[in-house]
Amino acid sequence: GESVGLHLPTLSVQEGDNSIINCAYSNSASDYFIWYKQESGKGPQFIIDIRSNMDKRQGQRVTVLLNKTVKHLSLQIAATQPGDSAVYFCAENRGTGGFKTIFGAGTRLFVKA
Amino acid sequence: DAEITQSPRHKITETGRQVTLACHQTWNHNNMFWYRQDLGHGLRLIHYSYGVQDTNKGEVSDGYSVSRSNTEDLPLTLESAASSQTSVYFCASSERRDNEKLFFGSGTQLSVL
């Protein structure tokens, strides 16, 4: 079936290293993708988004890469900091007709000091 | 600053009782959403609204209802609370329907005993 999923449920990185969180999607009609960060006890917070007519978008210390050929999305965090420890969700927006944002299950990122 | 607030933050109720969770946003967004978050299921859409007097069912709407009498508020009502509705509930809003970048509240932890 159609889904948005994550390759790794948990990721542990050393402070200062780069982190890469991956996400697979299966609906080629999806045209908009978002990454959210959720810290403990809080609601998800928007990090970065990308439209299907792009393959890369950069923010502050974060980069999202989109590979439409293999339906793969990744979030790269440069110089990971303890404050980056959280659960990261990818979300897929399927465009027309009703509400079409589908969330992945999430990846927990641990940053070791 | 604009924000989205949920109340209460924590609620304990008994099976069979009616419960209403409040959501109030000052973004002036037309679009509002209710999600529940459970381990192993990620974020699942309960109900959503694209404007005053508009309400729509999401993927897990059974046992829940919403009403939209103004732009700012979308209360979620559990008609007869069940133990299966123990969860963390998040309200969200977005500015655009085709670019559904969501702004989330801090959540309500509901326990049904």
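Preceding block: the structure.
Residues numbered from 1 in each chain as written. Chains lettered and ligands numbered in written order. Predicted model: local features only at pLDDT ≥ 70, side-chain atom pairs only at ≥ 80, totals over all residues. Heavy atoms only, no water.

K.L.:
So what's going on with the overall build of chain A? Residues and values would help.
P.N.:
Each helix and strand in chain A was counted, giving zero helices and 11 strands. Going residue by residue from the N terminus, the α and β elements of chain A occur as β-β-β-β-β-β-β-β-β-β-β. Out of the 113 residues belonging to chain A, those deemed buried represent 43%. Within chain A, counting contacts between residues at least 6 apart in sequence, those at least 24 apart form 53% of the total. Counting only carbon and sulfur atoms, one obtains 47% of the accessible surface of chain A, whose full area is about 5500 Å². (Helix = DSSP H or I, 4+ residues; strand = E, 2+ residues; numbered from the N terminus. Buried < 20%, exposed > 50% of the residue type's maximum accessible area, 1.4 Å probe, protein only. Contact = heavy atoms within 4.5 Å. Areas by Shrake-Rupley, 256 points an atom, 1.4 Å probe, with all protein chains shown as cover.)

K.L.:
I'd like a description of the nonpolar core, backed by residues and values.
P.N.:
Core analysis: the biggest nonpolar cluster contains 20 residues, and W35, L73, L75, Y88 and L109 of chain A have the highest contact counts within it. Among the elements of the structure, β2 (10-14), β3 (19-25), β4 (32-38), β5 (45-51), β7 (62-67), β8 (72-77), β9 (86-93) and β11 (107-112) of chain A are those that each provide at least two residues to this core. Contact partners of L109 of chain A, with chain neighbours within four places excluded, come to L11, V13, S19, I77, T80, D84, S85, A86 and Y88 of chain A. Of all hydrophobic cores here, the second largest spans 18 residues; its members include W34, L78, C91 and L110 of chain B. (Core = buried A, V, L, I, M, F, W, Y, C linked by side-chain atoms within 4.5 Å.)

K.L.:
Account for the interface of chain A and chain B, naming residues and giving values.
P.N.:
Contacts between chain A and chain B engage 18 residues on the former and 18 residues on the latter. In this assembly, chain A packs against chain B so that about 1500 Å² is buried in total across both faces, 55% of it on carbon and sulfur atoms. The interface formed by chain A and chain B holds zero salt bridges in total. At the boundary of chain A with chain B, the tally comes to three residue pairs in polar contact (both at pLDDT 80 or more). Counting residues per element, the ones that place at least two in the side of chain A that touches chain B are β4, β5, β9 and β10 (101-103) of chain A. Ranked by residues supplied to the side of chain A that touches chain B, first place goes to β4 of chain A with four residues. (Buried area = accessible area lost by both parts, 1.4 Å probe. Salt bridge = Lys/Arg side-chain N within 4 Å of Asp/Glu carboxyl O. Polar contact = N/O pair within 3.5 Å; in protein donor to acceptor, adjacent residues only side chain to side chain.)

K.L.:
Break down the pairing of β11 of chain A for me, with residues and values.
P.N.:
All names here are of chain A. Here β11 shows one buried face, formed by T107, L109 and V111, and one open face, formed by R108, F110 and K112. With five bridges joining them, β2 and β11 adopt parallel strand pairing. Following the sheet pairing, S12 is matched in β11 by F110. Here β9 pairs with β11 via three bridges, running antiparallel. Residue pairing in the sheet places V87 in a bridge with R108 of β11. (Pairing = 2+ DSSP bridges.)

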